[in-house]
Amino acid sequence: MSDRIEVLQGTLDLIVLKLLRSTPANGWELTQSIQVVSKGVLDVNYGSLYPALRRLEAKGWIKGKWGVSENNRRARFYELTSAGRKQLDTERAAWERFSNALGLILSAD
Amino acid sequence: MLSGFLVRLKALLFRRRMNAELDEEMRYHLERDTERNVARGMTTTDAAAAARRSFGNLTVAAEQARDVWRWLWLEELRQDVHYAARSFRRAPSLVATVAITIGVGLGLLVTTFTLFNAYVLRPLAVRDPYALYDVGWRARNGAFHTFTHDQYARITRADVGFSQTFGYRNLFTRVNGRAMVGQLVSGNYFDMLGVPPALGRVMTPADDAAPGAGSVIVLSHDTWLVQFGGDSGVVGRHMRLNGVQLTIIGVAPKGFGGLSEWPYEFWVPLSMAEPLSGWKRIGTLAKSPEDTRMVGRLATGVTPDQAAARLSAWLQNDLPAGKPESRVSQVSMVSRATSMPISPELIAAFSPIVIAFGLVMLIACANVANMMLARGIARQREVGIRLALGAGRSRLIRQMLTESVVLALPAGLVAFVISRAAIDLGTRAMLATLPAEYTPYVRPIDLAPDVRVLFFVLGAAIAAAVMFGTLPALQATRPDIVRASRGDFDTQYRPSRLRNALVVAQISTSVLLMTCAGVLLRSARDAQELDPGFQAREVVLMEVLDPPRARIIEALRMEPGVRDVASASSYPLDGAFPRVEINTATDSNVRVLYNLVSPSYFSAIGLPILRGRNFTESEARGGGAAGTVLVNAGAAKYLWPAGDAIGQSIVPSNDASMRGNVRAYRSARVIGVVADAAPGWIGISADVPVLYYPQPLAAATSAIIVRVATDATVMRDRVERTATQVDSGSVQEIHTLASSFALQAFPFRSGYLLAGVVGILALGLTITGVYGVIGYAVAQRRREFGIRIALGARPTGLVAHVLRQALRLAMIGFAIGMTLALGASRGFAAILQGVNTYDVRGYVIAAAVVFGACVIAAYLPSRRAGKVNAVEALRADS
């Protein structure tokens, strides 16, 4: 357990936007993707995902729709809007600048 | 931004469904997670527990998710409104008191706003009214000019920034013994305003093609209903106007009364000006009179200033070179978008009323603020507990303000009802008290409430709530209320201080309003007994067309009961006399008033000649050539303070802009001095310098003044009959001088009456305020009074103690109010001549009334201080 990292406040938004970029997904699928893609390193409190989804929807970056899940049940699927796509690009650029800078500082001396 | 708003709005409207969906979504997650865990080989119970564990706190997550989509403040507002409504249901007397108190104050303001809205804010029902401007120009010497008909025609063709223009003149006349007011307008009038006929057709440029042609008339909808009973066969019928036969071609749509606060009753082509006026101008003096007014529609993209500048340049070019002071100084553009344009005069006339009403409103708010303060003290235990439990102060203040708004809304409703009643009553009272001869001229415009009035009511009610609710809310949520709620008061806690300050403010305002009312009401009595300087009774005034004038005068002189017939260029009481600039041996360019009169004028209206002699008949026939003039006593004293006026000479300035008819009186010698009399308007003091020049009895365009032997009201009808027998339709206006006088006194009288009503309302509110505060103070100090009585204090001593406190407040308020009233009097003195603003009796009466009322209002509750039962008061858990 100790080798897992808790997701920082705010980065969850970026992760969700990135994961929704390729294909719409429901909440549970998102949590699974986070696990799989981060190779189990990131520890997401699944409960905090739902407020984040609503926040993103209120900002107009994603849109939720009821659909049928792969096990044939009613589930809410989220997809990226065009505003969300733009937001992803800016947030991603900002993040890369930040992590580059952090890398420079940490690798100095 | 917008999508966020929509999501939240949906969440607000379908809260239940949204919450159910969230639950479903989370339930799906848990089930799916459990399924996966089972698939990995866990038992069903372990799988579910693991799913829950990895989800975290389900309730918190759901709560957080729900909050994201909510407007917290809106839900809190709903809670607050709900809570307030519930607590007020238990206190209906409070709601009723506030509704009436605030409703009365607000009602006055809503009434004023309804009038202001109807006249000044509501756009006229014509095409694009905001582009319409009434145009005139001012010379450098300040004289106002309109246009000659020829100028108007050429401006219409020139490009001065207007896409369209129409010319007009107003026409006062009498039809079948009834006064009518209409307009002569150019043929494009209806087309330019986009006003279609309700019946028949409207006027077209073809009707206005050539002078004297186009004997047609369009009636207003009201005239059609009232005078023709709404008969649809009216088109094609004939009616006589000023002796000219006109064909009725159509009826204007309902609600259309032209571009004025004064709804017109008919429209006739401007080409009919000559035959309808029947005026033969004093030809040699003014060959083309400036008798045409003009309204232009600004072309798109042209500002009023640009159009004014271009028209100014056009006029500079067009006007003949004259003295520099008669050149154009400024073109005036008055918006015709609404019935009444906003002007400094309008603001000056209405601001005292609005200020007085506003003060009444403030007194009402102070009353309610005091009630709310008392309520806050009663609730301090509740508030203290909530603060102690960690409620935010701003949250509590917001809740209390919400309560105030909830209280103010029924008050707004009451105000609205009061305003409707006041308008209805006011209109009736006006028609009932106006001199009967003038009521046909009074046609109020539509005063029905519209959206703007409703918004005003709502906005003003909320503003009132903030005014009476803020202080009590701040007071009730003071941080030290927590200690106070435990009964732990320290010496700095003085809740009565604020309440006392509010009462002092009320008493001051009340003294101010009552003093103004007292002074004005006393002047109202004076105005009714005002002496215009001449004998107003038994005089009939008449305006007739020129062609039959001489014959009418002859007929009148034969009429039994007629003592004297005279003529004057200005009525004795019909608006101020015109001005002229004169030079004398000692002074130059003095501006004085003048009137042209026949020799019989002075005896006809009973104006005595104090010194010197009257004009002779031959001087009257000679007019300007006679070279004689009479002056009033005021002029004699003003122009020649030391010497004798008689024999002095007066020369009118040779100024092209002056009214043509005075320039004929090149140089005149003073032959007599007449008594001072109101110069056309009772608002002007009688000793303002006035010159009387001679004119023949039958002088054109003059008013005919008839002195009769008996009752003027009866004789007015006989005089009119005699004149119409000579020539039907020749009488344009006829009045008794007494009712002209009553008409001029009317605005003063109604203004004073209004001041009285405002004063009484203010006093009533102040009395209830004082009563409430003293009553509450006594109730609050019951325990203290009980102890004092137990220790041997005499009941009368306690009553005196309370009364002394009340009197101290009254004295302070009284001193402040008097100071303010003296200041206000200075302001009034500048506006109202003839009102003695330092009328000592007015002050004393007002002060005594307010003071006495305060004492009585304080005495009633203070008696309760003496009746406190010591044992009961000490036992009671207060």
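Scroll up to find the structure.
Residues numbered from 1 in each chain as written. Chains lettered and ligands numbered in written order. Predicted model: local features only at pLDDT ≥ 70, side-chain atom pairs only at ≥ 80, totals over all residues. Heavy atoms only, no water.

Participant: Before we go on, may I ask you to explain the overall build of chain A in this structure?
Facilitator: For chain A, the count of helices and strands is four helices and five strands. Starting at the N terminus, the α and β elements of chain A follow one another as β-α-β-α-β-α-β-β-α. Along the first, second and third principal axes, the C-alpha set of chain A runs to 55 × 35 × 20 Å. Taking all 109 residues of chain A together, 41% fall into the buried category. Across chain A, contacts joining residues at least 24 apart in sequence account for 52% of those joining residues at least 6 apart. Taken together, the 16 basic and 12 acidic charged side chains of chain A have centroids lying 8 Å from each other. (Helix = DSSP H or I, 4+ residues; strand = E, 2+ residues; numbered from the N terminus. Buried < 20%, exposed > 50% of the residue type's maximum accessible area, 1.4 Å probe, protein only. Contact = heavy atoms within 4.5 Å. Lys, Arg positive; Asp, Glu negative; His and termini not counted. Charge placed at Lys NZ, Arg CZ, Asp CG, Glu CD.)

Participant: Just checking my understanding: could you explain the overall build of chain B for this structure?
Facilitator: For chain B, the count of helices and strands is 28 helices and 22 strands. Taking 2.2 N^0.38 as the reference for a compact globule, 878 residues should give roughly 29 Å; the C-alpha atoms of chain B span a radius of gyration of 37 Å, well beyond that estimate. Projecting the C-alpha coordinates of chain B onto the three principal axes gives extents of approximately 125 × 85 × 55 Å. Looking at the 878 residues of chain B, the share that counts as buried comes to 49%. Approximately 40700 Å² of chain B is accessible, and the part contributed by carbon and sulfur atoms is 60%. Here chain B contributes 91 positively and 67 negatively charged side chains, and the mean placements of these two sets differ by 8 Å. (Rg over C-alpha atoms; globule rule 2.2 N^0.38 Å. Areas by Shrake-Rupley, 256 points an atom, 1.4 Å probe, with all protein chains shown as cover.)

Participant: I tried to follow the environment of A:G84 on my own but got confused; where do I start?
Facilitator: All names here are of chain A. Looking at the element boundaries, G84 is found in helix α4 (residues 82-107). Judged by relative accessible area, which is 0%, G84 ranks as buried. A C-alpha to C-alpha distance of 9.6 Å links G84 and K18, two positions 66 residues apart in sequence. Those residues in contact with G84 that sit more than four places away from it in its chain are L17, G60 and W61.

Participant: What is the right way to look at the sheet that holds strand β4 (residues 62-68) of chain A in this model?
Facilitator: Within a sheet, neighbouring strands are paired by backbone hydrogen bonds and run either parallel or antiparallel to one another. All names here are of chain A. The three strands lie next to each other as β2-β5-β4, forming an open sheet whose pairing is antiparallel. Sheet topology places β2 (25-26) and β4 at the edges, where each strand pairs with a single neighbour. Bridge count between β4 and strand β5 (residues 74-80): seven bridges; the pairing is antiparallel. Paired with G64 across the bridge in β5 is Y78. Along the sheet, helix α1 (residues 11-22) contacts β2, β4 and β5; its crossing angle with β5, the most-contacted strand, is approximately 95°. (Pairing = 2+ DSSP bridges. Axes fitted to C-alpha atoms, helices over the stretch in contact; angles between N-to-C directions.)

Participant: Sorry if this is basic, but what is going on with the interface of chain B and chain A here?
Facilitator: A common measure of how large an interface is: the accessible area buried when the components associate. Contacts between the two partners involve 25 residues from chain B, matched on the other side by 27 residues from chain A. Across the chain B to chain A interface the summed buried area is about 2400 Å²; carbon plus sulfur atoms make up 53%. In terms of surface lost to chain A, no three residues of chain B exceed B:E25, B:Y28 and B:W69, which account for 28% of the buried area on that side. Applying the counting criterion to the chain B and chain A interface returns five salt bridges. (Buried area = accessible area lost by both parts, 1.4 Å probe. Salt bridge = Lys/Arg side-chain N within 4 Å of Asp/Glu carboxyl O.)

Participant: Would you mind going over the packing of helix α12 (residues 344-378) of chain B against helix α24 (residues 737-780) of chain B with me for this structure?
Facilitator: To describe two helices that pack against each other, one gives the angle between their axes and the distance between the axes. All names here are of chain B. In the contact formed by α12 and α24, the axes pass within 10 Å of each other and the chain directions differ by 15°. In terms of their interaxial angle, α12 and α24 are classed as roughly parallel. Helix-helix and strand crossings are classified by hand; for α12 and α24 the assignment is left-handed. Residues I353, A356, F357, V360, I363, A364, N367, N370, A374, I377 and A378 of α12 touch α24, and the partners they reach there are L754, V758, L761, A762, L765, T766, T768, G769, V773, Y776 and Q780. Residue classes in the contact of α12 with α24 are distributed as 16 nonpolar, six polar and no charged. (Parallel < 35°, antiparallel > 145°, perpendicular 65-115°, else oblique. Left-handed = near helix turned anticlockwise from the far one by under 90°. Nonpolar A, V, L, I, M, F, W, Y, C, P; charged D, E, K, R; others polar.)

Participant: In this structure, what is going on with a nonpolar patch on the surface? I would like to understand it.
Facilitator: All names here are of chain B. A cluster of nonpolar side chains, contributed by L409, V451, F455, L458, I462 and V466, occupies part of the molecular surface with about 550 Å² of accessible area. Among the elements that make up the nonpolar patch, the one with the highest residue count is helix α15 (residues 451-476) (five residues). Considering the arrangement of structural elements, one finds V451 in helix α15. Owing to a relative accessible area of 55%, V451 belongs among the exposed residues under this scheme. (Patch = residues over 30% accessible without salt bridge, like charges linked within 9 Å, V, L, I, M, F, W, Y side chains within 5 Å.)

Participant: Sorry if this is basic, but what is going on with unusual backbone geometry here?
Facilitator: Glycine aside, residues mostly have negative phi, and peptide bonds are mostly found in the trans state. Residues and elements named next belong to chain B. Backbone geometry at D128 places phi at a positive 40°, although glycine is not the residue there. Along the polypeptide, D128 turns up in the loop between α6 (92-121) and β1 (132-139). At E538, a position not held by glycine, the phi torsion is positive, near 60°. Within the secondary structure layout, E538 lies in the loop between α17 (495-528) and β12 (539-544).

Participant: Help me understand the pairing of strand β19 (residues 668-674) of chain B in this model?
Facilitator: Consecutive residues of a regular strand have side chains that alternate between opposite faces of the sheet. All names here are of chain B. In terms of burial, β19 is largely enclosed, as six of its seven residues are buried. Sheet topology places strand β16 (residues 609-612) next to β19; three bridges connect them, and they run antiparallel. If you follow G612 over to β19, its bridge partner there is G672. Bridge count for strand β17 (residues 628-632) against β19 is five bridges, and the pairing is parallel. Among the inter-strand pairings, L630 is bridged to a residue of β19, identified as G672. Relative to β19, strand β18 (residues 649-652) runs antiparallel, the two being bridged by two bridges. Of the residues in β19, the one forming a bridge with S649 is R669.

Participant: What should I look at first to understand helix α27 (residues 840-866) of chain B in this one?
Facilitator: For the α-helix, the turn length of 3.6 residues means that residues three or four positions removed from each other point alike. For α27(B), which comprises 27 residues, the first-to-last C-alpha distance of 38 Å matches the rise-based estimate of 39 Å (1.5 Å per residue) to within 8%. If you look at α27(B), its biggest bend is around 30°, right at B:L860, and the proline B:P861 turns up within four residues after that. (Expected span 1.5 Å × (residues − 1). Bend = angle between axes of the 7 residues up to and from the residue.)

Participant: So what exactly am I meant to see when it comes to the side chain of B:T509 here?
Facilitator: All names here are of chain B. Take T509: it is sitting in helix α17. Looking at T509, the relative accessible area reads 14%, which means it is buried. A distance of 2.6 Å separates a polar side-chain atom of T509 from the backbone oxygen of A505. Not counting chain neighbours up to four residues away, the residues in contact with T509 comprise L359 and I363. (Polar contact = N/O pair within 3.5 Å; in protein donor to acceptor, adjacent residues only side chain to side chain.)

Participant: Sorry if this is basic, but what is going on with empty space enclosed by the protein here?
Facilitator: The probe, sized like a water molecule, is rolled over the atoms to show the empty space still left. Under the counting rule described, the total for this entry stands at six cavities of 30 Å³ or more. What the largest cavity holds in volume is close to 100 Å³. B:M372, B:R375, B:G376, B:R379, B:M400, B:E403, B:S404, B:G469, B:P472, B:A473 and B:A476 together form the lining of the largest cavity. At the level of elements, α12, α14 (393-433) and α15 of chain B are the ones that each hand at least two residues to the lining of the largest cavity. In terms of residues, the lining of the largest cavity owes the most to one element, α15(B), which gives four residues. Tallied by class, the residues present in the lining of the largest cavity amount to five nonpolar, three polar and three charged. Considered as a void within the structure, the second largest cavity measures approximately 70 Å³ in volume. Lining the second largest cavity are A:R54, B:A11, B:R15, B:M18, B:N19, B:R66, B:W69 and B:R70. (1 Å grid on protein atoms, 1.4 Å probe; cavity = no way out; pocket = protein on both sides within 12 Å on 5 of 7 lines; lining within 4 Å. Points joined across faces, edges and corners; volume = space filled by probe spheres on them.)

Participant: Teacher, can you tell me more about the nonpolar core here?
Facilitator: The nonpolar side chains of a soluble globular protein tend to be buried with one another. Residue and element names in this part refer to chain B. The biggest cluster of nonpolar side chains holds 73 residues, and the ones touching the most others in it are I102, L106, F468, I507 and V770. Counting residues per element, this core draws most heavily on α12, which supplies 13 residues. If we skip the residues at most four places from it in the chain, I102 touches G107, M361, A364, C365, V368, A411, A464 and F468. Judged by nonpolar contacts, the second largest core, of 36 residues, contains F534, L573, A675 and V690. (Core = buried A, V, L, I, M, F, W, Y, C linked by side-chain atoms within 4.5 Å.)

Participant: Looking at this model, I keep getting lost on the pairing of strand β13 (residues 562-568) of chain B. Mind explaining?
Facilitator: Residue and element names in this part refer to chain B. Of all seven residues in β13, five are buried, a share of seventy percent or more. Judged from the six bridges that link them, β13 and strand β21 (residues 703-708) form a sheet pairing that is antiparallel. Bridging across to β21, V565 finds its partner in V706.

Participant: Would you take a moment to explain the state of the cysteines for this structure?
Facilitator: When the sulfur atoms of two cysteines share a covalent bond, that bond is a disulfide. All names here are of chain B. Applying the stated criterion to the full structure yields zero disulfides over all chains. Among the cysteines around C854, which has no disulfide bond, C516 carries the closest sulfur, lying 17 Å off. By relative accessible area, which is 6% here, C854 ends up buried. (Disulfide = S-S within 2.5 Å.)

Participant: Help me out: how do you make sense of the pattern of salt bridges in this one?
Facilitator: Charged atoms that come close allow side chains of opposite charge to pair. Taken as a whole and assessed by the stated rule, the structure comprises 38 salt bridges over all chains. Measuring nitrogen to oxygen at the nearest pair gives 3.5 Å for the salt bridge that ties B:R32 to B:E35. Taken together, the residues B:R32 and B:E35, both in helix α2 (residues 15-39) and three residues apart, mark about one turn of the helix. Here B:R32 falls in the buried class, since its relative accessible area comes to 13%. Its relative accessible area of 32% is what places B:E35 among the partly exposed residues. B:R716 is the salt-bridge partner of B:D717, the closest N and O atoms lying 3.5 Å from each other. When its relative accessible area of 15% is taken as the criterion, B:R716 is described as buried. Sharing partners across several salt bridges, the network here consists of A:E57, A:R76, B:R17, B:E21 and B:E25.

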